[in-house]
Amino acid sequence: MTDLAPKYNPNEVEKGRYQEWLDEDLFKPSGDKKAHPYSIVIPPPNVTGKLHLGHAWDTAIQDTLIRFKRMEGYDTLYLPGMDHAGIATQAKVEAKLRKQGKDRHQMGREAFVKQVWDWKDEYANIIKGQWAKMGLSLDYSRERFTLDKGLSKAVRKVFVQLYNEGLIYRGEYIINWDPELQTALSDIEVIHKDDKGAFYHIKYPFVDGSGFVEIATTRPETMFGDTAVAVAPGDERCKDIVGKELVLPLVGRHIPIIEDQHVDPEFGTGLVKITPAHDPNDFQVGNRHNLERINVMNDDGTMNEEAGKYAGMDRFEAREALVKDLKKEGYLIKVEPIVHSVGHSERSGVQVEPRLSKQWFVKMKPLAEEVLKNQKTDGKVNFVPERFEGTLNHWMEDVHDWVISRQLWWGHRIPAWYNKKTGETYVGEEAPKDIENWEQDPDVLDTWFSSALWPFSTLGWPDTDNPDFKRYFPTNTLVTGYDIIFFWVSRMIFQGLHFTKKRPFKDVVLHGLMRDEQGRKMSKSLGNGVDPMDVVDKYGADALRWFLLNGTAPGQDTRYDPKKLAAAWNFINKIWNASRFVIMNLPEDAKPAHMPDTTKFDLADSWIFDRLNHTVSEVTRLFDEYKFGEAGRELYNFIWNDFCDWYIEISKVALNGDDEELKARKQENLIWILDQILRLMHPIMPYDEDKNIASGTAVSAINLDEDELNRISQAYAKKYGFKKLILTNEVDSSILGGIILKVGDRIIDGSIRTRLQQIREQLIENR
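Residues numbered from 1 in each chain as written. Predicted model: local features only at pLDDT ≥ 70, side-chain atom pairs only at ≥ 80, totals over all residues. Heavy atoms only, no water.

Caption draft 1: Just a nonpolar patch on the surface, in detail. Nonpolar side chains collect at one region of the surface, where Trp607, Trp646 and Ile650 lie side by side and expose about 310 Å² of accessible area between them. Counting through the fold element by element, Ile650 comes out in helix H20 (residues 628-655). Residue Ile650 is classed as partly exposed on the basis of its relative accessible area, which comes to 35%. (Patch = residues over 30% accessible without salt bridge, like charges linked within 9 Å, V, L, I, M, F, W, Y side chains within 5 Å. Areas by Shrake-Rupley, 256 points an atom, 1.4 Å probe, with all protein chains shown as cover. Salt bridge = Lys/Arg side-chain N within 4 Å of Asp/Glu carboxyl O. Helix = DSSP H or I, 4+ residues; strand = E, 2+ residues; numbered from the N terminus. Buried < 20%, exposed > 50% of the residue type's maximum accessible area, 1.4 Å probe, protein only.)

The structure is reproduced here in structure tokens:
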């Protein structure tokens, strides 16, 4: 046996260990067709930079589940991969190029995309290095990327099939426009914040000179696109002016007063200016009344020629200049300061501009109905905590069509071509044969379009005969934050159901947000972010993993607390010292850990083994229920209080005494209990427990021949009333208790395994 250092040093323990695991191919599926499959596909991090604590939280839970299931004898697959993150990555690379005095438009599409691939390679290596430091047992032979050849094929197939089914269409609608990144955004990529603004009250004169109406707006710069003023049907205040015409201030264009149900007669003056090209509600009003759509802005948020002398000005500069001129010409009645909710780009942070644009959309209602119907069946996706299923259902019930085209160069190019002569549109998985007569759509697909296919495209779909797809899909568990249900979880569910007719995963385990010590959300602007790799360097990966899993409940936010990390290190050091104590008190010819003779237990022995059986049973149950915080408390209480503070101390009397037989029994008990502790802790703390196992503290336990298994099976079935009992000797060195006990398809917990061992001993005695 190898002696352990007197103090736990995570840097020494973890050094080189991950590479040893990789060299031994320990993370690949077992290939045992008799074992039940269990699979998790990693939520793909964006190749925009380093991972943060939220990623660490995700992966710590995932890896704990995979290691736990692997120890239970499952055929496990933990599949790695990364996301190309269209908007975010392109923005990062463009910012880098600007510092070098370069511009993507001057470089050209091909050269720019090559620069982004170089960026991807650099940051993919950084991310993989971070995965290694976290100890993630990923099967890198199956690593995927959302722009790799296989996933690109899947994306094209999905687009073309949805198009042929009438669920993808191209149309001109009001979309959310990011003037800085100059691309469309989906509704859920818009973050609403309270901004200071104002209601600008403006006179709109009647053409006949009989007076004016008062219009209030928060965006006066859009008035150049006004094509009507609307009132509510039946509004007595306005019945005499419906049908009359107004003069658009400073522009001179005549616009009608119309009636439309969109107008709330209780709000303001009861009159609303209608700008069909710059407001989603106005767009619908315009459709009902066949109004002209006048776009008054350029892609970069500056005013276009429709704004007259304000053309070329930034939209906010134009607002300021316009208000001055309205006041000067006598049109401005008053400015009423307000604080209102304004949409901002989730990526660039700038105020989003609603504007008319021709884009590609997914028709969401039929897909949403599939999800809602499935959630009422036994094959539904289970949410942990359950309350978040309501979040999914609410979003699906009120879903809008999804704009999927992005005005970017980095991403999946839309598989649509337009005939140069006729304007005909061709959509296909492959380009037209006479490609010289066609021009491909320059836009790319929303990143979430490809990410929505992640659970099945990574396993070989659309090849449904792919062995991985047949074996590991649907996946078992998705672990992610509750803040991403709209962005990603919901889309994976409807795409999975539509294209595979199966739920993409059985369970969704949702954790909360990682906040700073003061409870604030971590952000660059606050400067309160924490690099998980700095935490690993200081406390070790096992301490970070313990902190992330212990003391938290699914769906709840948690606070980053250095004191808790120090406590985690201290707990590991306690296990380390307990291991040292046991090793130091073993004889040189000590046998591998094996179940002691329970007939010779004294009161302390019976008590500690009862506590051990309870802990194994409870931790197994709590892991299966995703209650990691409660499992952590069970482990902590048993290891620190029961084993270290009580049983080890009680055992010292025998270990320091002259009764060699009693000493040997205590040594057997100690090494067996420590063996079980290390196995229990391994899913959460793989480095420390692996080091202890490598030191000789924990090895495979019981091996039984087939006849003995049958005898035990019959005795156990009779004693506990099972009609069918299957025992198997297919043992992995990490399986708790050394044997697997199954009743039907259910693996029996550790406390029953111990009772099984007692029956074995009785059978041996009665031979």
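Right, picking up where we left off after that structure.
Caption draft 2: Structural detail: the sheet that holds strand E18 (residues 416-419). One open sheet accounts for three strands, arranged E19-E18-E20; its pairing is antiparallel. Edge strands, defined here as strands with exactly one partner in the open sheet, are strand E19 (425-427) and strand E20 (438-440). Direction aside, the axes of adjacent strands within the sheet are offset by 30° on average. Direction of pairing for E18 relative to E20: antiparallel, over a ladder of three bridges. (Pairing = 2+ DSSP bridges. Axes fitted to C-alpha atoms, helices over the stretch in contact; angles between N-to-C directions.)

Caption draft 3: Looking closely at the packing of aromatic side chains. By the definition in use, this model includes 41 aromatic pairs. Aromatic side chains Trp117 and Phe145 sit 5.6 Å apart centroid to centroid with 65° between the ring planes, which places their arrangement in the edge-to-face category. You can see Trp117 sitting in helix H6 (residues 109-134) and its partner Phe145 sitting in strand E4 (residues 144-145), a full 28 residues away along the chain. A residue is classified by how much of its surface remains accessible, and Trp117, at 32% relative accessible area, is partly exposed. With a centroid separation of 5.2 Å and an interplanar angle of 85°, the aromatic rings of Trp117 and Trp410 are classed as edge-to-face. Taken together, the residues Trp117 in helix H6 and Trp410 in the loop between strand E17 (405-406) and E18 connect sequence positions 293 residues apart. Pairwise contacts between aromatic rings join Phe159, Tyr163, Trp360, Trp402, Phe449 and Phe494 into one cluster. (Phe/Tyr/Trp six-rings, centres within 6.5 Å; stacked < 30°, edge-to-face > 60°.)

Caption draft 4: Region of interest: helix H11 (residues 388-397). Listed in full, the buried residues belonging to H11 are Phe388, Glu389, Leu392, Asn393, Trp395 and Met396. Buried residues of H11, seen end-on, are gathered within an arc of 165° and therefore sit on one face of the element. Away from its buried face by more than 90 degrees, H11 exposes His394 and Glu397. Tucked into the core, H11 has its buried residues touching helix H10 (364-374), strand E15 (382-384), helix H15 (485-500) and strand E23 (505-511). (Arc of directions from axis to C-beta. Contact = heavy atoms within 4.5 Å.)

Caption draft 5: Focus on the pairing of strand E14 (residues 353-362). Counting buried positions over the 10 residues of E14 gives nine, a clear majority of the element. Pairing between E14 and strand E16 (residues 402-403): two bridges, direction antiparallel. The residue of E16 that forms the bridge with Val362 is Trp402.

Caption draft 6: Layout of the side chain of Arg491. When you line up the elements, Arg491 lands in helix H15. Within the buried core, Arg491 has no salt-bridge partner, and the shortest N-O distance to an opposite charge, that of Asp446, equals 4.0 Å. Only 3.2 Å separates the side chain of Arg491 from the backbone oxygen of Phe487, close enough to count as a polar contact. Filtering out sequence-adjacent residues up to four positions away, Arg491 remains in contact with Ser186, Ile188, Trp402, Asp446, Trp448, Ala452 and Phe486. (Lys, Arg positive; Asp, Glu negative; His and termini not counted. Polar contact = N/O pair within 3.5 Å; in protein donor to acceptor, adjacent residues only side chain to side chain.)

Caption draft 7: Quick look at the sheet that holds strand E13 (residues 332-345). Across the sheet, which stays open at both edges, the three strands sit in the order E8-E7-E13 with antiparallel pairing between neighbours. Since the sheet does not close on itself, it has two edges, and those belong to strand E8 (212-217) and E13, each with one partner. With direction set aside, neighbouring strand axes in the sheet form an average angle of 20°. Relative to E13, strand E7 (residues 190-205) runs antiparallel, the two sharing 13 bridges. Considered in E13, the bridge of His192 is made with Gly343.

Caption draft 8: View of unusual backbone geometry. With an omega dihedral of 20°, the bond running from Trp461 to Pro462 counts as a cis peptide bond. Residue placement: Pro462 occurs in the loop between helix H13 (454-457) and helix H14 (467-472). Of note, the amide linkage connecting Phe473 to Pro474 takes the cis form, showing an omega dihedral of 0°. Tracing the backbone shows Pro474 in the loop between H14 and strand E22 (475-481). Positive phi, close to 55°, is recorded for Asn290, a residue that is not glycine.

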